[in-house]
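# Examining the three-dimensional arrangement
Residue-level listing of the chains:
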Amino acid sequence: MLCYLICAMSDADKIKWDLKFSKKDLTLGVGDSALNDFLSLKPIKPVLDFACGDGRNSLEMARKGIDVLAWDCSRIGLQRLEYFFSLEQLEVRSLMLDFDDLPDLEPEKFGSVWISHFLPSEIQLRWLFDKLPQDGLLALLTFNQLQINFNPRFCLEKDQFVETFDFHHLIKYESRIDKNSHHDFYIWKK
Ligand SMILES: C[S@@+](CC[C@H](N)C(=O)[O-])C[C@H]1O[C@@H](n2cnc3c(N)ncnc32)[C@H](O)[C@@H]1O
């Protein structure tokens, strides 16, 4: 019964996001401005764009010559990402994956992680942190509870992950308003 529920929830994410991406016109949003703060810290490569969607941040990184891994559960999102990369003859290694299945995965090695507009579970964050090399960076940017017209279930609680890892790993933690949207932004260094 529990297994059935977990499978059904995961399928629901995939179906929901495939539908959203299939309704979008064939243009890509611009990357997050916080990505520049992350890149200025010279993250170890390759950078994993975790829950990359259709790749607006992956593409920004690839344009700067950064080797990118792009993981997401949405086949349509990844097809769009591959299309946008092909338009600029840029390379990306994408993987369709449900993050509920992370524990079973022997992943391709990554040096740092970028997460935007996706609220990972603590288990997922710990899995990523565990796989990071020494000095690897892990950045998380997503809506906080001040964001209106957005389901609070998918928004960060105040200080939600401040104590997840040893405090000295947290090298940046701030609330920021980008394009009228309220975000919290974390960067950890392993
Ligand atoms: C709001 S989009 C953000 C996309 C991208 N990071 C960005 O900022 O443009 C959230 C992404 O999370 C992915 N996602 C949601 N649940 C997931 C899961 N269980 N496993 C893998 N990806 C998931 C969706 O497919 C979607 O692409």
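Residues numbered from 1 in each chain as written. Predicted model: local features only at pLDDT ≥ 70, side-chain atom pairs only at ≥ 80, totals over all residues.

## Description of helix α3 (residues 56–63)
With 6 of 8 residues buried, α3 lies mostly within the body of the structure. Those residues of α3 not exposed but buried are Asn57, Ser58, Leu59, Glu60, Met61 and Ala62. As for α3, its buried residues are in contact with α2 (34–40), β1 (47–50), β2 (68–72), α4 (75–87) and β4 (112–116). Directly after α3, the chain includes glycine 65, whose backbone phi takes a positive value near 85 degrees. (Buried ≥ 20, exposed ≤ 12 C-beta atoms within 10 Å, placed from the backbone. Helix = DSSP H or I, 4+ residues; strand = E, 2+ residues; numbered from the N terminus. Contact = placed C-beta atoms within 7 Å.)

## A short note on the confidence of the model for the chain
Scored by pLDDT, the chain has a mean of 93; 95% of the residues are at 70 or more. Predicted confidence for residues 1–8 stays below pLDDT 50, and this span has 1 contact to residues more than four positions away or in other chains. (pLDDT = per-residue confidence, 0-100.)

## A look at the site of the ligand
Every one of the 18 residues lining the ligand counts as a neighbour, but Trp17, Ala51, Gly53, Cys73 and Ser74 are closest to it. Elements with a contribution of two residues or more to the shell around the ligand: α1 (2–23) and α3. Per-element tally for the shell around the ligand: the top contributor is α1, with 3 residues. Here the shell around the ligand is built from residues that sort into 6 nonpolar, 7 polar and 5 charged. (Near = placed C-beta within 6 Å. Nonpolar A, V, L, I, M, F, W, Y, C, P; charged D, E, K, R; others polar.)

## Remarks on the sheet that holds strand β7 (residues 181–189)
Here 7 strands make up an open sheet; going across it, the order is β3-β2-β1-β4-β5-β7-β6 and the pairing mixed. Of all strands in the sheet, those with a lone pairing partner are β3 (93–96) and β6 (170–178), marking the two edges. Along the sheet, successive strands turn relative to each other by an average axial angle of 15 degrees, direction set aside. Judged from the 8 bridges that link them, β6 and β7 form a sheet pairing that is antiparallel. For tyrosine 173, the partnering residue across the bridge sits in β7 and is tyrosine 186. (Pairing = 2+ DSSP bridges. Axes fitted to C-alpha atoms, helices over the stretch in contact; angles between N-to-C directions.)

## Describing the pairing of β7
Here strand β5 (residues 137–143) runs beside β7; their pairing, made up of 7 bridges, is antiparallel. Counterpart to leucine 138 in the pairing with β7 is tryptophan 188. With antiparallel pairing between neighbouring strands as the criterion, β6 and β7 make up a hairpin whose turn holds 2 residues, including lysine 179 at a positive phi of roughly 45 degrees.

## Notes on the pairing of β1
The side-chain alternation of β1 yields two buried faces, one formed by Val47 and Asp49 and the other by Leu48 and Phe50. Across 4 bridges, β1 lies against β2 in parallel orientation. Each bridged residue has a counterpart across the sheet, and for aspartate 49 the counterpart in β2 is alanine 70. Where β1 meets β4, 4 bridges bridge the pair, whose relative direction is parallel. Looking across to β4, one finds that phenylalanine 50 is bridged to isoleucine 115.

## Here's the deal with the nonpolar core
Counting 35 residues, the largest nonpolar core has Phe50, Val113, Trp114, Leu138 and Ala139 as the members making the most contacts within it. For this core, the element with the highest residue contribution is β5, accounting for 5 residues. Apart from the residues within four sequence positions on either side, alanine 139 is in contact with Phe38, Val113, Trp114, Ile115, Tyr186 and Ile187. (Core = buried A, V, L, I, M, F, W, Y, C linked by C-beta atoms within 7 Å.)

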